[in-house]
Amino acid sequence: MLTAIDRYLARLIALPLLGTLVIAAMLLVLDKMLSLFDFVAAEGGPVSVVWRMLANMLPEYLSLGIPIGLMLGILLAFRKLATSSELDVMRAVGLSYGRLLRVPYMFAFALALLNLGIVGWVQPLSRHAYEALRFELRSGALGASIKVGEFTNLGKRMTLRIERSLDEGRNLRGIFVRAVGKDGQSVAVTAAQGAFLATDDPDTIIFRLRDGVLVNDAPKYKTPRILSFSSHDLPIDLPQIENFRGRDVDREKTLPELFSMGRDPATPTKLRNEVRSNFHFRMVEVVMMMLLPMAALAFAIPPKRSTSALGVFLSIVFIVTYHKINQYGESIGSLGKVDPIIALWAPFVLASGLIFWMYHVIAHRPGGQPIAALEYAFAKLGKQIGRLLRFVTRRGEPAKGAA
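Residues numbered from 1 in each chain as written. Predicted model: local features only at pLDDT ≥ 70, side-chain atom pairs only at ≥ 80, totals over all residues. Heavy atoms only, no water.

Per an unreviewed UniProt entry, the protein is named Lipopolysaccharide export system permease protein, and its organism is Sphingobium scionense. Under the heading Subcellular location (unreviewed entry), UniProt records this for the protein: "Cell membrane". (UniProt positions renumbered as here; feature names shortened; annotations may be inferred.)

Below you can see the structure in the form of structure tokens.
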């Protein structure tokens, strides 16, 4: 049963956790959105593809944002309790830090399971769907548009240029088309208007041209043949589009698939290293979430009579640095230079030891504060910077007066 204090802690944690998660996801999405708009515009694809690609990138962003949100949600909740002296009251009535961490660990367990589902199953499938959209956009399978005022190749033997596009592409003006056959025969057409029409054959469309001139040339013709027309239907064979590859990349495999491939003796050594590294990378990221409540508690509580937010900054540095170390460990494990278990679980053991030490200091040493030395050093540094700025300001005043 949750007590009133547990419910109070849950409310304090939930708001910054959700806020941090949403802000982190939005920042990552906005950063990716700009590059995706440039990519889709360069390939001539529809704008709706951008939203589909961003939706497939969201699970990856959530897998990064959930640990950060968990850390900051717990940290900001305990920081508020510490700076308002509510934490001292709770401790005075006999609530230990272990008891106060009951609710944070409920959040950690639930979010760890959610993150396991994301990195284990949802993210690999969404990554494959994202790469499939990129492939289809480049190959033209998504109906890439013809760029107005530029020469566009339709297959290997046809070139098209359009001056103006009206009525969302249903009315084209100022058209030039040149097609070359396999026998060397070529057709060049200029027309005032035109429109694309569908046919019963999915591999062929009709380009209906109006008020134009057609020039037909071939090696056996002495002179090109010229034809003026009021209406002419030009069949266009659509280029064949290759099928996208399967989920052959280790990052697109689910956790059970990675586990099976890593234990299969038939798996090549290079691929086994990549598969095992990716498997342990995902697992170590999820397992670390179970230690984040203790880390957040140690970073949250500032020294007495201090409102310094250094712990917030250090917590972000800690979790981002640990993530980057894991990425490096995955890289060297994939190359076979170090066994993936050592490359990824050794940093986890070291980080765990640091977290347990910080928690022991804050929870079991009277007046203990694991980042007190850093708090003192940053306070001294801040004072020195302030003195330097005042000194520079004073030296600048006579010079201004003399001018």
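What follows continues from the structure just given.
K.L.:
Tell me about the overall build of the protein, and please be specific about residues and values.
P.N.:
On a plain count of helices and strands, the protein comes out with eleven helices and six strands. In summary, the protein has a C-alpha radius of gyration of 32 Å against a globular reference of 22 Å for 403 residues, an excess of more than 25%. Per-residue burial for the protein yields a buried fraction of 40% across its 403 residues. Of the contacts made within the protein by residues no fewer than 6 positions apart, 64% connect residues no fewer than 24 positions apart. Carbon and sulfur atoms form 62% of the exposed surface of the protein, whose accessible area is close to 22700 Å². (Helix = DSSP H or I, 4+ residues; strand = E, 2+ residues; numbered from the N terminus. Rg over C-alpha atoms; globule rule 2.2 N^0.38 Å. Buried < 20%, exposed > 50% of the residue type's maximum accessible area, 1.4 Å probe, protein only. Contact = heavy atoms within 4.5 Å. Areas by Shrake-Rupley, 256 points an atom, 1.4 Å probe, with all protein chains shown as cover.)

K.L.:
Pulling in residues and values, what's your account of the domain arrangement of the protein?
P.N.:
Segmenting the protein into domains produces domain 1 (4-138 + 247-390) and domain 2 (156-237). Using C-alpha coordinates to define each centre, domain 1 is positioned 57 Å away from domain 2. (Domains from an automatic or database assignment.)

K.L.:
Give a detailed account of the pairing of strand S3 (residues 171-180), specifying residues and quantitative values.
P.N.:
Pairing of strand S2 (residues 158-166) with S3 involves eight bridges; the strand directions are antiparallel. Residue pairing in the sheet places Ile162 in a bridge with Ile175 of S3. When S3 meets strand S4 (residues 186-198), the two strands line up antiparallel, connected through eight bridges. Bridge pairing in S4 places Val177 opposite Val189. Here S3 folds back onto S4 in antiparallel fashion, the turn holding five residues, of which Gly184 has a positive phi close to 95°. (Pairing = 2+ DSSP bridges.)

K.L.:
Explain the pattern of salt bridges to me, and be specific about the residues and the numbers.
P.N.:
Summed over all chains, the structure comprises eight salt bridges. One salt bridge in this structure joins Glu60 and Arg127, with 3.5 Å as the shortest N-O distance. Taken together, the residues Glu60 in helix H2 (residues 48-83) and Arg127 in helix H5 (residues 102-139) connect sequence positions 67 residues apart. A salt bridge links Arg208 to Asp233; the nearest nitrogen and oxygen atoms lie 2.7 Å apart. Separated by 25 residues along the polypeptide, Arg208 in strand S5 (residues 204-217) and Asp233 in strand S6 (residues 225-237) bring together distant segments of the chain. Using a relative accessible area of 32% as the deciding quantity, one classes Arg208 as partly exposed. Given a relative accessible area of 34%, Asp233 falls into the partly exposed group. (Salt bridge = Lys/Arg side-chain N within 4 Å of Asp/Glu carboxyl O.)

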